[in-house]
Structure formats: structure tokens, C-alpha cells
Amino acid sequence: MRLFAAVLPPEHVIRELAVEVDELERMAGADALRWTGRPGWHFTLAFYGEVAEETVPDLSERLARAARRTGSFPLSLHGGGHFGGRALWVGVAGDLRTMRLLADRAEAAARRAGISMDEHRPYHPHLTVARSRTSARFAPYVTALDGFAGREWTVGELCLVRSNLPTSGVPGEQPRYETVASWSLGVGDGAGDEAR
């Protein structure tokens, strides 16, 4: 199973972002980009890659513990940026310290469950809205996103999501995402820095 831990924005946030992305898709050159599907909009906290089914219960138990130990926190979509010429993303504002802590705990949960993780890098929260196979010029889109500020919402759960990659070979087919499990945040005391 190809899995990752994520924060999923609520439906009203998705609708708000969809209006903004629809405007971006009307800009010159937008048809050369691969725009991500709205059902797949999420903030990845930790990417696990292929995980053996027998590992999922241990990982789930550790993620549940990480969620209990992390309080809910406010976020709002805000601005945008890009990773080179390959990906355009929307950023966030709010309690990024707690979001980074949750990402660190989701990564630690995987390591303790025996999942091999890449070298730890500082977490950079972003929601990818477009990709390019070649090196795209994203500057006009980032400029258009400069003034974008969504309504605040409270992140209240940590989700374990399965990514089902396209198999049909049809151009433009999007991955399908399925929430395998979710856990409410803040049931515990929030103490400590790692999932155990």
C-alpha cells in the first residue's frame, strides 16, 4: 500500500481554493500544466511510500498516539510558491509550529514502526495545485496567488491516506486517494516530541 500521513482541508476550504484555482487555469499557458484534482488536495505530513499490509496496524497505533499528543490548531490557505519549474503550490498561515510538530511525529511514528524514511528535512507545508513535466515558468501564477488568503479553519484530525496511482494509461488520469484511518487531535496532553 502506498501511504502518507496528511491534513485534509474541510469542504468549505476546498470550495474556496477551487475558485482561486479556476482563475489560475484561465491564465496564459495554463493548459500546458497538469492541474491536480480537487479530491486529492491535501497537506502531506509524512510520505511513507510502499508499506507492507502487516506494518499498517503498528503504524496506525503510533499515529493514533501522535494525534492524541498533538492539540488541534488553526490554519488558513495563504499565498503560493513553487518548487523549481516542477510544482506550483498554495501555502498556509496559522499555527505552523504545531503543524510541523505533527509532521515530525508522523515521521517518527513511521520510523518506529520500521518504515524506512528518507533523510529528515525541515517540513515545508504546501498544497500542490499544478505540476509540469518540463520546467514551467510559475512566476505569474505565484504573483496571482500573492493576495490569496482563505478563511481560517481548525485542524482537528490526522489522516492516513492511501494513494492509488493511475493504471489505465489514459492521459490526464489523476491518482485516487482513500483515507484509510483518521484520528482526532488533542485527546492527550500534547507532551513530548516524538511518537512512541
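Read on for a plain summary of the structure. Predicted model, so just to flag it, every value in this text is computed and none were measured.

Of regular secondary structure, the protein chain possesses 4 helices and 9 strands. Overall, the protein chain shows an N-to-C arrangement of helices and strands of β-α-β-β-α-β-β-α-β-α-β-β-β. For 196 residues, the compact-globule formula gives about 16 Å, and the C-alpha radius of gyration of the protein chain, at 17 Å, lands near that figure. By principal-axis analysis of the C-alpha atoms, the protein chain measures approximately 50 × 35 × 30 Å. Burial status across the protein chain gives 45% buried among its 196 residues. Counting contacts in the protein chain only where the partners sit at least 6 residues apart, residues at least 24 apart contribute 79% of the total. Across the protein chain, the centroid of the 23 positively charged side chains sits 2 Å from that of the 25 negatively charged ones.

Our focus in this paragraph is the pattern of salt bridges. Between side chains of opposite charge, a pair can form as their charged atoms come close. Following the criterion strictly, the structure yields 6 salt bridges and no others. Residues arginine 62 and aspartate 58 are paired through a salt bridge, measuring 3.0 Å at the closest nitrogen-oxygen approach. You can see arginine 62 and its partner aspartate 58 sitting in helix H2 (residues 56-68), 4 residues apart, about one turn around the helix. Judged by relative accessible area, which is 16%, arginine 62 ranks as buried. Of the residues examined, aspartate 58 reaches a relative accessible area of 28% and is grouped as partly exposed. Ionic pairing is found between glutamate 61 and arginine 65, a salt bridge with its closest N-O pair at 3.1 Å. Residue glutamate 61 and its partner arginine 65 are located together in helix H2, separated by 4 residues, close to a single helical turn.

Let us look at the nonpolar core. In terms of nonpolar packing, the biggest core is built from 55 residues, with Trp35, Leu45, Tyr48, Leu59 and Leu88 touching the most fellow members. Those residues in contact with tyrosine 48 that lie beyond four places of it in its chain are Leu3, Phe4, Ala5, Leu59, Leu63, Ala106, Glu107, Ala110, Ile115, Met117 and Leu160.

Each value, and the rule that gives it
Numbering of residues starts from 1 in every chain and runs along the sequence as written. Where totals are concerned, whole chains, interfaces and linings use all residues; where local detail is concerned, this predicted model gives features only for residues with pLDDT of at least 70, and gives and counts side-chain atom pairs only at 80 or more. Heavy atoms throughout the structure, all of them, feed into the side-chain values; hydrogens and water do not. Where helices and strands are cited, they refer to DSSP runs of H or I of at least four residues and of E of at least two residues respectively, numbered from the N terminus. The reference for a compact globule is 2.2 Å times residues^0.38; the radius of gyration itself is calculated from the C-alpha atoms. Buried, partly exposed and exposed residues are distinguished by accessible area as a fraction of the type maximum, computed with a 1.4 Å probe on protein chains only: under 20%, between the cut-offs, and over 50%, respectively. A contact between two residues is defined here by any heavy atoms of the two lying within 4.5 Å. Counting rule applied: Lys, Arg positive; Asp, Glu negative; His and chain ends not counted. A charge is said to be at NZ when it belongs to Lys, at CZ for Arg, at CG for Asp and at CD for Glu. Whenever a carboxyl oxygen of Asp or Glu lies within 4 Å of a side-chain nitrogen of Lys or Arg, that contact is scored as a salt bridge. In this text, buried Ala, Val, Leu, Ile, Met, Phe, Trp, Tyr and Cys residues form a nonpolar core when linked through side-chain atoms within 4.5 Å.

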